[in-house]
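Descriptive analysis of the structure
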Amino acid sequence: MDNCDYFGGTTIIAVEFDGGVVMGADSRTSCRTYVSNRSADKLTRITDHIYCCRSGSASQTQTLANTVAYAMNYYECSMGEPALVRDAAVHFRNKIYDSRQTMMASIIVAGWDRRHGGQVYSVPITGLMVHEPCAVAGSGAAYIQGFVTAHYRPGMQQADTVELVKNAVQLAIQHDCSSGGIVRLGVINEYGMDACVCCDKDPAMVKYANTLLWNLEFGIW
């Protein structure tokens, strides 16, 4: 893919804390100045304890996540044990590296396993895989990297980490024209994934999110 043909942006982040990881993302999917989806879910399930944050081409990253999820499910069924977070990250790395000439995908893999606890792996478009306690990617990363570096501390508690991730994504939404919508948060620990949305900065999105969650809860849609 010619980089000149791609016009998009996003903000994704994942941070380790004492007992798991917190993931966050905005919800805007755009092409140039056209916003095609203002409530997209960029936190994608791989297994019950492993998720990924997607940035890049929406169609390519969705297909990529489905492919890795299938591989991890096959592994768990064959081995009879949960997959490791690093195994999922390696699959992403291999797929992105093999298709680096045509694929626009930058992934943050985050999750929890019994061997290593909470982990965050960053896999940019080059196919490099890096294990780091705090990873930021997407067009909004340039606006919040300093903020995250200044406020992150090793061994943070869950509540503090959630607040850091939420504030970072909200800052990116305010300054990056390609990021927007609501803030999606996910906490992964030994009990699985707990997700929520935060949209207190945008009254219109508060109303929209409440209506959406109400309809999903009571099966209207």
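Rules behind the numbers
Residues numbered from 1 in each chain as written. Predicted model: local features only at pLDDT ≥ 70, side-chain atom pairs only at ≥ 80, totals over all residues. Heavy atoms only, no water. UniProt positions renumbered as here; feature names shortened; annotations may be inferred. Core = buried A, V, L, I, M, F, W, Y, C linked by side-chain atoms within 4.5 Å. Buried < 20%, exposed > 50% of the residue type's maximum accessible area, 1.4 Å probe, protein only. Helix = DSSP H or I, 4+ residues; strand = E, 2+ residues; numbered from the N terminus. Pairing = 2+ DSSP bridges. Axes fitted to C-alpha atoms, helices over the stretch in contact; angles between N-to-C directions. Contact = heavy atoms within 4.5 Å.

Looking at an unreviewed UniProt entry, one finds the chain named proteasome endopeptidase complex, with Drosophila virilis as its source organism. The record in UniProt for the chain states the following under Subcellular location (unreviewed entry): "Nucleus".

**Notes on the nonpolar core**
Formed by 22 residues in total, the largest nonpolar core has its most connected members in Ile46, Leu64, Phe92, Ile107 and Val109. The set of elements that each furnish at least two residues to this core consists of strand 6 (50-56), helix 1 (58-79), helix 2 (85-98), strand 7 (105-113) and strand 8 (117-123). In terms of residues, this core owes the most to one element, helix 2, which gives six residues. By size, the runner-up hydrophobic cluster in this structure holds 20 residues, among which are Val136, Ile144, Val148 and Val187.

**Re the sheet that holds strand 2 (residues 20-25)**
Read from one edge to the other, the open sheet built from five strands follows the order 10-1-2-11-12, with strand pairing classed as antiparallel. The open sheet has two edge strands with one neighbour each: strand 10 (134-137) and strand 12 (192-198). The average undirected angle you get between the axes of adjacent strands in this sheet is 15°. Taken together, the five bridges between strand 2 and strand 11 (residues 183-189) define a ladder with antiparallel strand orientation. Counterpart to Val22 in the pairing with strand 11 is Val187. Across the sheet, helix 3 (residues 141-151) lies against strand 1 (12-17) and strand 10, angled at about 160° from strand 10, the strand it touches most. Here helix 4 (residues 158-175) sits on the sheet in contact with strand 1, strand 2, strand 11 and strand 12, set at roughly 155° to strand 11.

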